[in-house]
Amino acid sequence: MLEFIGYSLKIGNKELIKNLNIKFRDSVISHLGGSNGVGKSCFAKSCINILDYEGEIKASSEPVVIGSYSNVPSDLRLNNLYVFLKSKYENKYVEWLFFMLGLDTIPKSFRIKNMSDGQKQKMKLLTFLASKPRVIILDEFTNAIDKKSTLDIYDFLIKYVEQEGVTCVNISHNLSDIEHMSGRYYYMEEKTIKEVDSKEEIIKTYIRGGR
Amino acid sequence: MELQRHINSRNYIFCFLTVIACFAFGYILPISLDHIQYLTLYDYFKSVYTVITQFGPMIFSIVAICVLNIDYKEKNILFYRNIGYSPLRHFLLRSLYIWLFFSLSLLAMNGVACMVFGDFSQFITMFLYYENALIYEVLVASIFAYLFKNILLAFCLNLVVWIGQIMIAAASELFWFFAYYDASSKLYYDLEKFLDTGNTSMLHVLPSVGYNLCVFLIFIIILILCRRRWIKNGIY
């Protein structure tokens, strides 16, 4: 569960969100869209207390944000990270994630810096989901990765969110995310976040550049 | 995991090369600049110590800053936060391994120097002197690496502070501790006297350890006071 009560976010003199009251549900992917510069990434960062906000954020656990600013050290090898995560978190669960993400097809001695962008995104999912967070925020997660990896990640997220019953907010410009992963749809504009009735409605909103 | 990162990145090679450079300069400088025909072991020790204290803030700091800064550059800080690391733990672990590689290199090169001259009588004493100077220089560089995401800025500020410390110490004897390891300091002067006369009362190993502990405490305080900087540097 991720709920915002009287939530306001301001960066410098610019008010991004004012008095937001919204609740994102469990076991469903909540897609959050909005035009460039509206403050979606700042919204994500405020959820993990990197940016100050007013009001209240209620979450069933400390949210994790997975985006372009949450990378895994590239000088590690796959095996280094895998062994570390298994020793730190629940061994069987990390193994399950590892196989679900298709990481068993990558040689274990492979360095993370030599992996494709899609493989690196999967490594991020393995790392950040190993701690079994109840609230996950994906920030432009499928940007600039190949189609096959994107489809693998879609399949994984759909199964994962439903099976684990987590709250997942997917901040994305990528209409393909909306097309492949059904869920609930939200649009951020005019200092608020509003739920959009359907997938078709949010796609139209994107194409129009706003409501 | 941290050790594996350092080994995979081959940071130990850079550490070893910088120490070799110090020992090489320690030999070349007196021969080329002072035109000394024959260098004794004790002259060599003094020369290496001079290089470590006078050039160390440039040579060691660039390696330390680059290694510590990589997590800001690659935006790995949220990874560390997610696995439960605090800024203190993250930087202490990263600094610890750099210090370890530098120390092992110093130990090895000091051993080689003593072996070449066939005299190990001052092996431990000189290792401790080199080590204390190294620890200080890595600690100061680490503070700047932690505070500033820009490597060039961190390096330049490190140099400015180093030069500033020498100037302050030169301005008044009351501020001698600002440039504790500099060639103009009492520590350096007493080391020369010890190497010339063998008078062990000229040795100040423990006070140097105490001095480094004070710098370390300042490092910890800065880390704690500026802990939000760790996240901000790692995300933006």
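The structure displayed is predicted, hence computed values, not measured ones.

## Some remarks on helix 7 (residues 123–147) of chain B
With 25 residues, helix 7 of chain B ought to run about 36 Å at 1.5 Å a step, and its terminal C-alpha atoms sit 36 Å apart, in line with that. The element helix 7 of chain B is extensively covered by neighbouring structure, given that 22 of its 25 residues are classed as buried.

## Things to note about the side chain of R111 of chain A
Within the secondary structure, R111 of chain A sits in the loop between helix 3 (91–100) and helix 4 (117–129). Within the buried core, R111 of chain A has no salt-bridge partner, and the shortest N-O distance to an opposite charge, that of D75 of chain A, equals 7.5 Å. In this view, R111 of chain A contacts S74, L76 and R77 of chain A together with N8, S9 and R10 of chain B; residues no more than four positions away in its chain are not counted.

## Comments concerning the domain arrangement of chain A
Residue and element names in this part refer to chain A. Domain annotation of chain A identifies domain 1 (26–53 + 134–211) and domain 2 (73–132). The interface is formed by 16 residues belonging to domain 1 together with 13 residues belonging to domain 2. Surface buried jointly by domain 1 and domain 2 totals about 1,200 Å² across both partners, of which 70% is contributed by carbon and sulfur atoms. Among the residues of domain 1 in contact with domain 2, F141, F156 and Y160 are the three that bury the most area, contributing 45% of the side total. On the surface where domain 1 and domain 2 come into contact, there are one salt bridge. K122 is the partner of D152 in a salt bridge, and the nearest nitrogen-oxygen pair spans 3.0 Å. Applying the counting criterion to the domain 1 and domain 2 interface returns three residue pairs in polar contact (both at pLDDT 80 or more).

## As for the interface of chain A and chain B
Interface size, as often reported, equals the accessible area lost upon joining of the parts. Of the residues lining the interface, 28 residues belong to chain A; the matching set on chain B comes to 21 residues. For the pair chain A and chain B, the two sides together bury roughly 2,200 Å², of which 50% comes from carbon and sulfur. The largest contributions to the chain A side of the interface with chain B come from I50, Y69 and D75 of chain A, which together make up 26% of the buried area. Across the contact surface, chain A and chain B share three salt bridges. For R81 of chain B, the salt bridge identified is with E62 of chain A, shortest N-O distance 3.9 Å. In this assembly, chain A and chain B are joined by 14 residue pairs in polar contact (both at pLDDT 80 or more). Only strand 5 (64–66), helix 2 (78–88) and helix 4 of chain A provide two or more residues apiece to the side of chain A that touches chain B. Per-element tally for the side of chain A that touches chain B: the top contributor is helix 2 of chain A, with four residues. Considering only residue class, the side of chain A that touches chain B consists of 13 nonpolar, eight polar and seven charged.

## Some words on unusual backbone geometry
Positive phi values are uncommon outside glycine, yet K191 of chain A reaches one of about 65°. Along the chain, the position of K191 of chain A falls in the loop between strand 8 (183–189) and strand 9 (192–196). K191 of chain A gets classed as partly exposed once you look at its relative accessible area, which sits at 39%. Of note, the phi angle at K75 of chain B is positive, near 60°, even though the residue is not glycine. Within the fold, K75 of chain B resides in the loop between helix 4 (56–73) and helix 5 (77–82).

## A closer look at the packing of aromatic side chains
Aromatic rings in a pair are described by how distant their centres are and how their planes are angled relative to each other. Within the structure shown, the criterion is met by 39 aromatic pairs over all chains. Between the aromatic rings of F120 of chain B and F123 of chain B, the centroid separation amounts to 5.9 Å while the plane-to-plane angle is 50°, which identifies the pairing as tilted. Centre to centre, the rings of W176 of chain B and F177 of chain B are 5.9 Å apart; their planes meet at 85°, and the pair counts as edge-to-face. In textbook terms, an aromatic cluster arises when at least three aromatic residues are bridged by ring pairs, as seen for F23, Y27, Y44, Y49, F117, Y129, Y130 and Y188 of chain B. Sitting over the ring of Y69 of chain A, K45 of chain A keeps its end group 4.7 Å from the ring centre.

## Observations concerning the nonpolar core
One finds F4 and L125 of chain A to be the most contacted residues of the largest nonpolar core, which totals 139 residues. Per-element tally for this core: the top contributor is helix 7 of chain B, with 17 residues. Two domains each provide a minimum of three residues to this core, namely domain 1 (26–53 + 134–211) and domain 2 (73–132) of chain A. Sequence-distant contacts of F4 of chain A, that is, excluding residues within four places in its chain, are made with L20, N21, I22, F24, F43, C47, E56 and I57 of chain A. Counting seven residues, the second largest nonpolar core, distinct from the first, contains I178, Y187, V196 and Y206 of chain A.

## Observations concerning the UniProt feature "transmembrane region" (unreviewed entry) in chain B
All names here are of chain B. In the numbering used here, UniProt assigns the feature "transmembrane region" (unreviewed entry) to residues 12–31, 51–70, 91–113, 133–152, 159–181 and 201–226. Note that residues 91–113 is 100% helix and 0% strand, and that its end C-alpha atoms are spaced 32 Å apart. The span residues 159–181 carries 57% helix and 0% strand; its end-to-end C-alpha distance comes to 15 Å.

Scoring rules and cut-offs
Residues numbered from 1 in each chain as written. Chains lettered and ligands numbered in written order. Predicted model: local features only at pLDDT ≥ 70, side-chain atom pairs only at ≥ 80, totals over all residues. Heavy atoms only, no water. Helix = DSSP H or I, 4+ residues; strand = E, 2+ residues; numbered from the N terminus. Expected span 1.5 Å × (residues − 1). Buried < 20%, exposed > 50% of the residue type's maximum accessible area, 1.4 Å probe, protein only. Lys, Arg positive; Asp, Glu negative; His and termini not counted. Salt bridge = Lys/Arg side-chain N within 4 Å of Asp/Glu carboxyl O. Contact = heavy atoms within 4.5 Å. Domains from an automatic or database assignment. Buried area = accessible area lost by both parts, 1.4 Å probe. Polar contact = N/O pair within 3.5 Å; in protein donor to acceptor, adjacent residues only side chain to side chain. Nonpolar A, V, L, I, M, F, W, Y, C, P; charged D, E, K, R; others polar. Phe/Tyr/Trp six-rings, centres within 6.5 Å; stacked < 30°, edge-to-face > 60°. Lys NZ or Arg CZ within 6 Å of the ring centre and 35° of its normal. Core = buried A, V, L, I, M, F, W, Y, C linked by side-chain atoms within 4.5 Å. UniProt positions renumbered as here; feature names shortened; annotations may be inferred.

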